[in-house]
Amino acid sequence: MNSLAASALFWPGMALLAVLAVVSVRRVAAIDASRWAGTATAALFGVWVVVFWEVLVRTLEVPRVLLPAPSLILSAMLEHAVTLWGDFVQTVGKAVFVGWLLGSGLGFAVAVAIDRMPFLQRGLLPVASLTSAIPLVGVAPIMVMWFGFEWPSKAAVVVLMTFFPMLVSTLAGLQAAGKLERELMHSYAASYPRTLLALRLPAALPFIFGALKVNATLALIGGIVAEFFGSPTVGLGFRISTEAARMNMPLVWGAIVVAAVTGSLAYALLVAFERRAAFWHPSVRQG
Amino acid sequence: MVTMTKAVAPHLASGWLLILRRDVVPVAVVLLAVLALWYGMAYWLNSPGAIERVLDPQGGWTWRDLLRATMGMERPVMPAPHQVALDFYGSLTQWPINSPRNLLFHVAVTGKATLLGFVMGTALGLVLSVLIVHSRTLDRALLPWIVASQSVPVLAIAPIVLVILGSLGFSGVAPKATIAMYLCFFPVTVAMVQGLRSPQKMEAEMMHTYAASRWQTLWMLRLPAALPFLFPALRVGIAAGLVGAMVAELPTGAVAGLGARLLTGSYYGQTVQIWSALVMSALLGLTLIAGVSLVERAALRHRRGL
């Protein structure tokens, strides 16, 4: 322990800070005013967690391997900004994005294609639902063998992981249009493509966006974990696994911060898109 | 075309025949198609290697020879299904259960870590969700972070957990179970908060008029109401926990477990071994989910009518 932690004033000071934190979070949580009062409480809580993390790690001199201080993580991120940007481009910009787009697109296309084939639907749906129980990331070594160490092998893993959720959700979404609306289209003598475009696909939008959001997280996990199985010397997963092996924890945490921010941003972007595309849907209007 | 009214089959066959025709046949056809596609890919992907290594590159062989060669290669690019099945069966029957060559040995290692983590993560999620439902401060301060964590690849923290627990002196099943635990914990918490809040206002007010305590309301109203929310989350959680346990076996240089089996297979180019480990992990995943579903069926048995 250093001098600050040993001083008589440290623990009373920490206790005072803790009381202050609890009281302030409780106070803000009690505000019942607007929609963002909840967000403010969460943000304040997050700030307090970071403050305590920083103070305790520094004064108690927790080894860097166990838990680096937030300031150390931030300075590692700034110091290695170029490296992390390269990792981001490699993993997110190439493997995850391409894989997510291809996998979701294929799942959607197959679902629309078999929309008029109930036999195939009944055959594919149980099989596709069961794949959620299977650790599909495990195909990563096989994909490395087929497509090499570079990003296409990671994108292939992501395609496989994102295909089935989109297929299942789109099939469910295409059944979501109400009977009344379908009969109205029928009474207009609307053709099948017309009904699909004007009624059933719009009604399926919340399901499709739901799958896109789930897939965004799945794709990030797939892209990062696939790199644990072997990768070129760039990429978020590569950075996390090799720097963890070298005990350079601040940079590992930095790479995780990049991944976490990417995931949250992707989610927020998709929510914003959904609000634009399905602004009329009850689920969007309520939220 | 959209039919106005669903045609009701006039000659509804007896129950099981209908189920066979409507559900089993399509699935069987799809699975057969997958098998055929697999054989096709094995032929297509292995041909270049087979021509180069097994057959004479100059020619002098027919497509029958090529087909035979692609189906029985030692280190194929894509092993044929029967090769995987033979390797799978052989590993189960030809080696004792405690040999690392037996896949069940690896299943035991990975399954134990998954189940341990699953139990701990579920318990933690249940406790935390009860606290969140009863405390406005926790609800406002903590729940948004837990919900947000669903869009973050938390599995990426696995190497950090391994390093931290490793430097604290933990090894073996504990780090793997910890990773499985925190992967199970998030979906369970989110679903349980939703489920514990699902009772209608009227029901909650009735408990109030009975002068029921918080505990009684929790025990008699909230928990039973939350069960239908809990089980789907448990399925998600146990599947995520299995992935977590397998990923935890990668960086440690572990020698036991399905993840380690995958990694050693890829080090030594043993494609057949990778594929049978994959099949085994798929079976383990399906078994775990089926176990959760069985418990669900038993727990919700009395609610059929609702």
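Here the structure is a predicted model, which is why all the values come from computation and not from measurement.

J.: What am I meant to see in the overall build of chain A here?
T.: Helix and strand content of chain A: 13 helices and zero strands. Each helix (α) and strand (β) of chain A, taken in turn from the N terminus, gives the series α-α-α-α-α-α-α-α-α-α-α-α-α. Relative to its length of 287 residues, chain A is extended, with a C-alpha radius of gyration of 24 Å against a globular reference of 19 Å. A fraction of 73% describes how many contacts in chain A between residues 6 or more apart in sequence connect residues 24 or more apart.

J.: Before we go on, may I ask you to explain the domain arrangement of chain A in this structure?
T.: For an interface, size is often stated in terms of accessible area lost upon the parts coming together. Domain boundaries in chain A define domain 1 (3-62) and domain 2 (77-286). Spacing between the C-alpha centres of domain 1 of chain A and domain 2 of chain A amounts to 37 Å.

J.: What am I meant to see in the environment of G235 of chain A here?
T.: Residues and elements named next belong to chain A. Counting through the fold element by element, G235 comes out in the loop between α10 (192-228) and α11 (236-245). Taking the C-alpha atoms as reference, G235 lies 8.5 Å from V92; in sequence the two are 143 residues apart. For G235, the residues in contact, after removing those within four places along its chain, are D87, Q90, T91 and E227.

J.: What exactly am I supposed to notice about the packing of helix α7 (residues 140-147) of chain A against helix α8 (residues 151-174) of chain A here?
T.: Packed helices, taken two at a time, are described by the angle their axes make and the gap between the axes. Residues and elements named next belong to chain A. At a closest axis distance of 8 Å, the pairing of α7 and α8 adopts a crossing angle of 135 degrees. The orientation of α7 relative to α8 falls into the category oblique. The interaxial crossing formed by α7 with α8 has right-handed handedness. Residue-level inspection shows A140, M143, V144, W146 and F147 of α7 in contact with α8, the latter providing P152, S153, A156 and V157. Residues belonging to the contact of α7 with α8 are distributed by class as follows: eight nonpolar, one polar and no charged.

J.: Help me out: how do you make sense of the interface of chain A and chain B in this one?
T.: If you look at the interface, chain A gives 57 residues, while chain B gives 50 residues. When residues of the side of chain A that touches chain B are traced back to their parent elements, those giving at least two are α2 (10-30), α3 (37-59), α6 (118-130), α7, α9 (179-187), α10, α11 and α12 (249-277) of chain A. Considered class by class, the residues forming the side of chain A that touches chain B number 39 nonpolar, 14 polar and four charged.

J.: I'm lost on the packing of helix α10 (residues 214-248) of chain B against helix α12 (residues 271-299) of chain B in this one. Help?
T.: Residue and element names in this part refer to chain B. One way to put it is that α10 packs onto α12 with a least axis distance of 10 Å and a crossing angle of 160 degrees. Viewed along their axes, α10 and α12 adopt a mutual orientation that is roughly antiparallel. In terms of crossing hand, the pair formed by α10 and α12 is right-handed. On α12, the residues that touch L227, F231, L234, R235, I238, A239, L242 and M246 of α10 are S281, L284, G285, L288, I289, V292, E296 and A299. Each residue belonging to the contact of α10 with α12 can be placed in one class, and the counts come to twelve nonpolar, two polar and two charged.

J.: What should I look at first to understand the confidence of the model for chain B in this one?
T.: Fine structural detail should not be taken from predicted coordinates in areas where pLDDT scores are low. Residue and element names in this part refer to chain B. Considering every residue of chain B, the mean pLDDT works out to 83; 93% of them sit at 70 or more. When mean pLDDT is compared element by element in chain B, helix α4 (residues 103-134) scores highest at 91, while helix α2 (residues 63-71) scores lowest at 79. Taken together, the stretch residues 1-10 has pLDDT below 50 and engages in seven contacts with residues farther than four places along the chain or on a different chain.

Calculation notes
Residues numbered from 1 in each chain as written. Chains lettered and ligands numbered in written order. Predicted model: local features only at pLDDT ≥ 70, side-chain atom pairs only at ≥ 80, totals over all residues. Helix = DSSP H or I, 4+ residues; strand = E, 2+ residues; numbered from the N terminus. Rg over C-alpha atoms; globule rule 2.2 N^0.38 Å. Contact = placed C-beta atoms within 7 Å. Domains from an automatic or database assignment. Axes fitted to C-alpha atoms, helices over the stretch in contact; angles between N-to-C directions. Parallel < 35°, antiparallel > 145°, perpendicular 65-115°, else oblique. Left-handed = near helix turned anticlockwise from the far one by under 90°. Nonpolar A, V, L, I, M, F, W, Y, C, P; charged D, E, K, R; others polar. pLDDT = per-residue confidence, 0-100.

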